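# Residue-level structure breakdown
Spelled out, the chains give:
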Amino acid sequence: MIIRGGRQEQASGRLLDATFFIYTTTSSGRRVFTERVDAATATLNAGRWRLTDASGAQTGQRAVRYATLDLPSNLADEEAFQRFARPQSTPFWSLPNQIRRIEDAGFASTAYQLRLQQLLATPLIFGAMSILAAAFSLRLMRLGDLARMTVAAVVLGFAFFFLNQFSSAMGSAEVVPPIIAAWLPPILTALAAFTLLFYTEDG
């Protein structure tokens, strides 16, 4: 079952304008879509979702309206809304387990995967920026031209920030895989830093 909520009320423990996509698993392990249920509200309690003002339609059949409808769930009450929390609020060591639990519950874990890969790529980012700073320092000491090199450093910093944000947006939108979205900016920055360093030393 995949759940999509339009809005979330943590205080009352419910989702507003919720949509449930229900799947069944075949003997071969393949998941097949069977029904979609739209509800005005969805409240998780005692191992079930209580839907109100719901409308459900199975594949190839007309929609059926329900005043209330109960759907079983393997989510604990306190865990459900933690999974809707921002990935940035999840500790690094908890991310792998959180991703597995979210996927087991039928939620999309793209944002959490992206966050995990970005944290793993952080040492490479720091290394690339250090090499870039070293290249600028060497050039400043040997060739002078402080103003031009300072402007170039600021421009490169903004370029890296834009590339990182753009790549993150592409990863969040599932245009590219999270691992590519997270690792592409630091790899390109590292290559640019080494290129500038070699040019400074040998150019």
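My aim in this report is to walk through the structure given alongside it, one point at a time.

Procedures and definitions
Residues numbered from 1 in each chain as written. Predicted model: local features only at pLDDT ≥ 70, side-chain atom pairs only at ≥ 80, totals over all residues. Heavy atoms only, no water. Core = buried A, V, L, I, M, F, W, Y, C linked by side-chain atoms within 4.5 Å. Buried < 20%, exposed > 50% of the residue type's maximum accessible area, 1.4 Å probe, protein only. Helix = DSSP H or I, 4+ residues; strand = E, 2+ residues; numbered from the N terminus. Pairing = 2+ DSSP bridges. Phe/Tyr/Trp six-rings, centres within 6.5 Å; stacked < 30°, edge-to-face > 60°. Patch = residues over 30% accessible without salt bridge, like charges linked within 9 Å, V, L, I, M, F, W, Y side chains within 5 Å. Areas by Shrake-Rupley, 256 points an atom, 1.4 Å probe, with all protein chains shown as cover. Salt bridge = Lys/Arg side-chain N within 4 Å of Asp/Glu carboxyl O. Contact = heavy atoms within 4.5 Å.

So, about the nonpolar core. Of all hydrophobic cores here, the largest spans 13 residues; its most connected members are Phe20, Val37, Ala42, Trp49, Leu51 and Leu71. Only strand 2 (14–25), strand 3 (31–45), strand 4 (48–58) and strand 5 (64–72) provide two or more residues apiece to this core. In terms of nonpolar packing, the next biggest core, distinct from the first, is built from five residues, Leu95, Ile99, Tyr112 and Leu116 among them.

Glancing now at the pairing of strand 4. When strand 3 meets strand 4, the two strands line up antiparallel, connected through ten bridges. Following the sheet pairing, threonine 43 is matched in strand 4 by arginine 50. Note: strand 4 against strand 5, eight bridges, orientation antiparallel. Of the residues in strand 5, the one forming a bridge with glycine 56 is valine 64.

With that settled, the discussion passes to the pairing of strand 2. Where strand 2 meets strand 3, eleven bridges bridge the pair, whose relative direction is antiparallel. Bridged to isoleucine 22 within strand 3 is glutamate 35. The loop that links strand 2 with its antiparallel partner strand 3 comprises five residues; one of these, glycine 29, has a positive phi angle of about 90°.

Time to look at the packing of aromatic side chains. Per the counting criterion, the structure on display carries four aromatic pairs. Considering the side-chain rings of phenylalanine 20 and tryptophan 49, the 5.6 Å spacing of their centres and the 70° angle between planes classify their relative orientation as edge-to-face. Taken together, the positions of phenylalanine 20 in strand 2 and tryptophan 49 in strand 4 put the pair 29 residues apart, joining distant regions of the chain. The pair phenylalanine 20 / tryptophan 49 is uniform in exposure class, with both members buried.

This paragraph deals with a nonpolar patch on the surface. Side chains of Ile179, Ile180, Leu184, Ile187, Leu188 and Leu191 sit close together on the surface and give an oily, nonpolar patch of about 510 Å² of accessible area. Following the sequence through the fold, isoleucine 187 ends up in helix 6 (residues 178–202). Overall, isoleucine 187 belongs to the partly exposed group, its relative accessible area being 38%.

The next point concerns the environment of glutamate 174. Structurally, glutamate 174 is set in the loop between helix 5 (146–172) and helix 6. As a C-alpha pair, glutamate 174 and threonine 110 span 64 residues in sequence and 7.3 Å in three-dimensional space.

A word on the environment of arginine 115. Take arginine 115: it is sitting in helix 3 (residues 110–120). With a relative accessible area of 23%, arginine 115 lands in the partly exposed category. Between the C-alpha atoms of arginine 115 and phenylalanine 92, which are 23 residues apart in sequence, the distance is 8.7 Å. Aside from chain neighbours lying at most four places away, what touches arginine 115 is Pro87, Gln88 and Leu95.

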